[in-house]
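Understanding the architecture of this molecule
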Amino acid sequence: MKGLERQYTRVDTVRQYVDGMLNNLTDPDERRAGYVHLYGVGQAGALIALRRGHDRECAELAQIAGMLHDFAAYRDGIRENHAESSSVEAGKILRDAGCFTAEEIALVCHAIGKHSDKEQTDAAFDEILKDADVMQHWLRNPMEEYYFRMDRTRRIAREFGLVRE
């Protein structure tokens, strides 16, 4: 569109942190997996937030939460307690970025800290991140039964009209 320039947004600010971490990974397969998963969950989060009637600001925060939700797991190569570790790291990143309110940081970090507990239902924003995580895993390979057999995945697939049962 004439006259419109691409905006530099808070998503771009967070992207610098994520890219910096991923580019430091020595294993190219892990680096690729990190890019696909973190950015895929971010985009799925924005989509889910908008689909559920939230505003663009919520979608932006959902995208950012998705981009950071496994940050520590990829950086450290440790999956145990990665939700809590990634929540702590996300708080540091968002505070360092200097463009997020304390409330936004708390919202994002809370969702990241809860994202591994897929069996529990939490606050609406937390559920967006959980659903985005499951959606990305499933859409990475729609024929893989592991994620499709999860109740959460099947519910999301029905919500988006992605399957006929």
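Residues numbered from 1 in each chain as written. Predicted model: local features only at pLDDT ≥ 70, side-chain atom pairs only at ≥ 80, totals over all residues. Heavy atoms only, no water.

**Thoughts on the packing of aromatic side chains**
In this structure the tally under the stated criterion is three aromatic pairs. Consider the rings of Tyr35 and Tyr39, whose centres lie 5.9 Å apart with planes at 20 degrees: the pair is stacked. Taken together, the residues span about one helical turn, with Tyr35 and Tyr39 both in helix 2 (residues 28-51) at a distance of four residues. For Tyr35, a relative accessible area of 26% translates into the label partly exposed. Since its relative accessible area comes to 15%, Tyr39 is described here as buried. In this structure, Arg51 packs its charged tip against the face of Phe160, placed 5.3 Å from the ring centre. The ring of Tyr74 has Arg79 lying over it, and the distance from NZ or CZ to the ring centre is 4.8 Å. (Phe/Tyr/Trp six-rings, centres within 6.5 Å; stacked < 30°, edge-to-face > 60°. Helix = DSSP H or I, 4+ residues; strand = E, 2+ residues; numbered from the N terminus. Buried < 20%, exposed > 50% of the residue type's maximum accessible area, 1.4 Å probe, protein only. Lys NZ or Arg CZ within 6 Å of the ring centre and 35° of its normal.)

**What about the nonpolar core?**
By size, the foremost hydrophobic cluster in this structure holds 40 residues, and its most contacted members are Val14, Val18, Leu68, Leu94 and Phe125. For this core, the element with the most residues is helix 3 (residues 56-68), which contributes eight residues. Apart from residues no more than four positions distant in its own chain, Leu68 is found in contact with Val14, Val18, Ser86, Ala90, Ile93, Leu94 and Ile112. (Core = buried A, V, L, I, M, F, W, Y, C linked by side-chain atoms within 4.5 Å. Contact = heavy atoms within 4.5 Å.)

**Points about the packing of helix 1 (residues 10-23) against helix 3**
Across the interface, helix 1 lies against helix 3 with an axial gap of 10 Å and an inter-helix angle of 0 degrees. Considering their axes alone, helix 1 and helix 3 lie roughly parallel with respect to each other. The segment helix 1 lies against helix 3, with Arg10, Val11, Val14, Arg15 and Val18 engaging Glu60, Leu61, Gln63, Ile64, Met67 and Leu68. In terms of residue class, the contact of helix 1 with helix 3 is made up of seven nonpolar, one polar and three charged. (Axes fitted to C-alpha atoms, helices over the stretch in contact; angles between N-to-C directions. Parallel < 35°, antiparallel > 145°, perpendicular 65-115°, else oblique. Nonpolar A, V, L, I, M, F, W, Y, C, P; charged D, E, K, R; others polar.)

**Thoughts on unusual backbone geometry**
Phi is positive for Asn81, close to 55 degrees, though the residue is something other than glycine. Here Asn81 lies in the loop between helix 4 (71-76) and helix 5 (82-97). The class for Asn81 is exposed, based on a relative accessible area of 57%.

All we've got here are geometric facts, nothing functional implied.
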